[in-house]
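Breakdown of the fold
Read off the chains here:
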Amino acid sequence: MNADTAGPVRVVLADDEAMIRAGVRAILATDPGIEVVAEAGDGRVAVELVRAHRPRVALLDIRMPRLDGLTAAAEIRRLVPETATVMLTTFGEDDHVARALGHGACGFLLKSGDPRELIAGVHAVADGGAYLSPRVARRVIELGGDRVARRPVARDRLAGLTEREREVLALVGAGLSNAEIARRLHLVEGTVKSYLTSVFTRLEVRNRVQAAILAYEAGLVEQTG
């Protein structure tokens, strides 16, 4: 059985702090297109709930008892690959964010960020996109060293892309799904997928988040927030 793609975006929310869960749930409840179907206080229960409910999105705190968010995300991707995983993070968890980049997470959202980012991020990953809170994206880039020095390196990596591939990459960095990119550029979705395959190969990145980070580093995406 696949994750349900009809009706509201169904979400499983996991955080060991009940007040955080209540706050996130209240924010998501303001959007009729999102439904929190279950909550967990630890990573092990989160995995079990995702297996039971098959949501489109799992929102996972990085630090949780029994099973941390990164390990839970890896288990979810193995057992229910149709469910997109999004990490809830704080600025005090830099090492965890860096690790998560290599684990294929679909998004990173800041707990103390703009509530609108939380809603936008859930919709973006549910539609097959990647979403990074702008402040998280900036921080991840800073983790890699001198941002001024890294920009020309990132731009050099993008030098082999066509103009259309650069446009597609910029929209990936902005968190758009394939369908949204297709509408924005007046293309069919299959063509967007072909462009993305080429972009990922040329840039030697494994997923949309890694591509999005590179788009930020190269200055293709306006960083705000």
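Position labels on residues start from 1 in each chain and follow its written sequence. Under the rules for a predicted model, residues below a pLDDT of 70 receive no local features and side-chain atom pairs below 80 are neither given nor counted, while totals for whole chains, interfaces and linings still include all residues. Think of the side-chain values as coming from all heavy atoms in the structure, minus any hydrogens and water.

**Some words on the layout of surface pockets**
A pocket here means an open set of points on a 1 Å grid, computed over the protein atoms alone, that has protein on both sides within 12 Å along at least five of seven lines. A cavity is instead a set of points where a 1.4 Å probe fits but cannot get out; residues with an atom within 4 Å of a point line either one. Grid points are joined across faces, edges and corners, and a volume is the space filled by probe spheres set on the points. Within this model, the second largest pocket holds a volume of roughly 160 Å³. What lines the second largest pocket is a set of 13 residues, and nearest its centre among them are Val24, Ile27, Leu110, Lys111 and Leu118. Only DSSP runs of H or I with at least four residues qualify as helices, and only runs of E with at least two residues qualify as strands; both kinds are numbered from the N terminus onward. Those elements that provide at least two residues to the lining of the second largest pocket are helix 1 (18-29), strand 5 (107-110) and helix 5 (115-126). It is helix 1 that contributes the most residues to the lining of the second largest pocket, 4 residues altogether.

**Observations regarding the sheet that holds strand 5**
Pairing is parallel in the open sheet, where 6 strands are placed in the order 2-1-3-4-5-6. Strand pairing shows two members of the sheet lacking a second neighbour, strand 2 (34-40) and strand 6 (131-132), which therefore form its edges. By definition, residues are in contact when any of their heavy atoms lie within 4.5 Å. Axis geometry follows a simple rule: fit a line to the C-alpha atoms, using only the stretch in contact for helices, then measure angles between N-to-C directions, giving values from 0 to 180 degrees. Contacting strand 1 (9-14), strand 2 and strand 3 (57-61), helix 1 runs over the sheet at an angle of about 165° to strand 2. By this definition, two strands are paired if DSSP reports at least two bridges between them.

**Some remarks on the side chain of Glu165**
As for its position among the elements, Glu165 is in helix 8 (residues 163-173). Separated by 2.7 Å, the side chains of Glu165 and Ser198 make a polar contact. Non-local contacts of Glu165, meaning those with residues more than four positions away in its chain, are made with Gly160, Tyr195, Ser198, Val199 and Arg202. Pairs of N or O atoms within 3.5 Å make up the polar contacts considered here, provided that, within protein, one atom can donate a hydrogen while the other can accept it, and that residues adjacent in sequence are counted only when both atoms are side-chain atoms.

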